[in-house]
Amino acid sequence: MATFTLRSETFEDGQVLPAAHRGAATGLGGKDESPPLGWSGAPAGTRSYAVTVFDPDAPGRGGFWHWTVLDIPADVTSLAAGAGSPRGDGLPPGAFQLRNDGGSAGYLGAAPPKGHGPHRYVITVHALNVEKSGLDAGASPAKLEAKLGPNVLARASLTGIYERH
């Protein structure tokens, strides 16, 4: 799979997620604010992007989807901090969010169980060869991989870490 570059102004790959990007439910200054993201170097033929945030270390059903944004136009190469608000006010026209595994739209910050050890929050931008995902806001994030998998040209990832003691 081809790759391209993904960065955030608030943390580097493999670093601890800043408090703003953690869950408000932690009571530790979390704001459920999606991180600012910027990407470059996507391959020719990219017609849209999808952004996902997944915690593969979450207990239970094999991980936890914290955020999914679909149908980001190909000429958009960044999302501002807080773009993942429940209403999606900061998203570009035409883009929309799926429900996270907490059951709501928008970015749900990092909030691993206390004492569970460090969790990885894998942020991925998927460069797609289709303009529209063919999904709607009612789809589950798990359907994303099956639906978009054949249309992914390249991926860029960035991982934040968080642990609650």
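Look a little higher up for the structure.
Presented here is a report on the structure given in the accompanying data block. As the structure is a computational prediction, the values presented were derived from the model and not from experiment. (Residues numbered from 1 in each chain as written. Predicted model: local features only at pLDDT ≥ 70, side-chain atom pairs only at ≥ 80, totals over all residues. Heavy atoms only, no water.)

## Comments concerning the sheet that holds strand S9 (residues 152-162)
Inference 1: One open sheet holds the six strands; their spatial order is S1-S9-S8-S4-S5-S7, and the pairing between them is mixed. For this open sheet the edge positions go to strand S1 (2-3) and strand S7 (96-97), each flanked by a neighbour on one side alone.
Inference 2: Bridge count for strand S4 (residues 48-55) against strand S8 (residues 119-128) is seven bridges, and the pairing is antiparallel. When the bridges of S8 are listed, alanine 50 appears paired with histidine 126.
Inference 3: Lying on the sheet, helix H1 (residues 141-148) is in contact with S4, strand S5 (64-73), S8 and S9; it crosses S5 at an angle near 45°. (Pairing = 2+ DSSP bridges. Helix = DSSP H or I, 4+ residues; strand = E, 2+ residues; numbered from the N terminus. Contact = heavy atoms within 4.5 Å. Axes fitted to C-alpha atoms, helices over the stretch in contact; angles between N-to-C directions.)

## A closer look at the packing of aromatic side chains
Inference 1: Evaluated as defined, the whole model comprises four aromatic pairs.
Inference 2: Look at phenylalanine 54 and tryptophan 65: their rings are 4.6 Å apart centre to centre, the planes differ by 50°, and that puts the pair in the tilted class. Of this pair, phenylalanine 54 sits in strand S4 while tryptophan 65 sits in strand S5, placing them eleven residues apart in sequence.
Inference 3: For tryptophan 65, a relative accessible area of 10% corresponds to the buried category.
Inference 4: Joined through ring pairs, the aromatic side chains of Phe4, Trp39 and Tyr49 make up one cluster. (Phe/Tyr/Trp six-rings, centres within 6.5 Å; stacked < 30°, edge-to-face > 60°. Buried < 20%, exposed > 50% of the residue type's maximum accessible area, 1.4 Å probe, protein only.)

## Quick word on the side chain of aspartate 55
Inference 1: With respect to the helices and strands, aspartate 55 occurs in strand S4.
Inference 2: No salt bridge is formed by the buried aspartate 55; its nearest oppositely charged neighbour, arginine 120, is found at 6.4 Å.
Inference 3: Of the polar contacts made by the side chain of aspartate 55, one reaches the side chain of histidine 119; its length is 2.6 Å.
Inference 4: Apart from residues no more than four positions distant in its own chain, aspartate 55 is found in contact with Gly63, Phe64, His66, His119, Arg120 and Tyr121. (Lys, Arg positive; Asp, Glu negative; His and termini not counted. Salt bridge = Lys/Arg side-chain N within 4 Å of Asp/Glu carboxyl O. Polar contact = N/O pair within 3.5 Å; in protein donor to acceptor, adjacent residues only side chain to side chain.)

## Regarding the environment of leucine 37
Inference 1: Structurally, leucine 37 can be placed in strand S3 (residues 37-40).
Inference 2: Residue classification places leucine 37 among the buried residues on the basis of a relative accessible area of 4%.
Inference 3: Sequence spacing of leucine 37 and valine 16 is 21 residues, and the spatial spacing of their C-alpha atoms is 16 Å.

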